[in-house]
Amino acid sequence: QVQLVESGGGLVQPGESLRLSCAASGFNLDAYAIGWFRQAPGKEREGLSCISSKDTITYYPDSVKGRFTISRDNARNMVHLQMNSLKAEDTAVYYCAATSIGLCSRGMMYWGKGTLVTVSS
C-alpha cells in the first residue's frame, strides 16, 4: 500500500519558521524523486522544490529561494521542507509527491493529502 503523509503544518506568524515532513510507506524513497508543492486559495498548484534520486536539488520560484530547503532522510523514509522567514503569501496547502522515475523533470506518481500552513499575525 503506497502512501505519502505530510505533517508539520499549522498557524505561524510572519517571520517564523516551520519544518514540514513527508513520510512514505509501502515503498522506499531512496530511488524516487520527491517534490514539494503548494496551492494557495484561488490559485493554481505551484511546484516549490524537488530532490532527485541522486540528491540533485532544484528550487523553482524565486519567492522561495533562500528561504526554503528540501532534504532527504532515506533511513527514515522521509523528506523534509524547512521553511524560514515565512510570509503571509506562503499560506497554502502543502503537498509532497514522488515518482519512481527519479528525475524531477518527470511527472509525479504518488501524492499526499496535504498539510495546511497559515501565516498570519
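Residues numbered from 1 in each chain as written. Predicted model: local features only at pLDDT ≥ 70, side-chain atom pairs only at ≥ 80, totals over all residues. Heavy atoms only, no water.

Focus: the state of the cysteines
So, step 1. For the structure shown, the criterion picks out 2 disulfides.
So, step 2. Each sulfur of the disulfide joining cysteine 22 and cysteine 96 lies 2.0 Å from the other. Handedness here is read from the sign of the S-S torsion; for cysteine 22 and cysteine 96, about 65 degrees, the answer is right-handed. A residue pair is termed long-range when its members are at least 10 positions apart, and cysteine 22 in strand β3 (residues 18-25) and cysteine 96 in strand β9 (residues 92-99) qualify at 74 residues.
So, step 3. Taking only the cysteines that form disulfides and numbering them from first to last, the chain has the pattern 1-3, 2-4. (Disulfide = S-S within 2.5 Å. Helix = DSSP H or I, 4+ residues; strand = E, 2+ residues; numbered from the N terminus.)

Thoughts on the environment of valine 79
So, step 1. By secondary structure assignment, the location of valine 79 is in strand β8 (residues 78-83).
So, step 2. Valine 79 gets classed as buried once you look at its relative accessible area, which sits at 0%.
So, step 3. Taking the C-alpha atoms as reference points, valine 79 and isoleucine 51, 28 residues apart in sequence, are found 9.0 Å from one another.
So, step 4. The residues contacting valine 79, other than those within four sequence positions of it, are Leu20, Ser21, Cys22, Leu29, Ile34, Trp36, Ile70, Ser71 and Arg72. (Buried < 20%, exposed > 50% of the residue type's maximum accessible area, 1.4 Å probe, protein only. Contact = heavy atoms within 4.5 Å.)

With respect to the side chain of arginine 72
So, step 1. Inspection of the secondary structure puts arginine 72 in strand β7 (residues 68-73).
So, step 2. Separated by 2.5 Å, the side chain of arginine 72 and the backbone oxygen of leucine 29 make a polar contact.
So, step 3. In this structure the side chain of arginine 72 is engaged in a polar contact, spanning 2.9 Å, whose partner is the backbone oxygen of serine 52.
So, step 4. Beyond its immediate stretch of four places on either side in the chain, arginine 72 contacts Leu29, Asp30, Tyr32, Ala33, Ile34, Ile51, Ser52, Ser53, Asp55, Met78 and Val79. (Polar contact = N/O pair within 3.5 Å; in protein donor to acceptor, adjacent residues only side chain to side chain.)

A word on the sheet that holds β8
So, step 1. Across the sheet, 4 strands lie side by side as β1-β3-β8-β7; this open sheet has antiparallel pairing. Of all strands in the sheet, those with a lone pairing partner are β1 (3-7) and β7, marking the two edges. Neighbour-to-neighbour, the strand axes of this sheet turn through a mean angle of 15 degrees, independent of strand direction.
So, step 2. Two strands pair when backbone bridges link them, and β7 and β8 are joined in this way by 6 bridges, in the antiparallel orientation. Counted as the bridge partner of serine 71 is histidine 80 from β8. (Pairing = 2+ DSSP bridges. Axes fitted to C-alpha atoms, helices over the stretch in contact; angles between N-to-C directions.)

Keep in mind that these numbers describe shape and distance, not what the molecule does.
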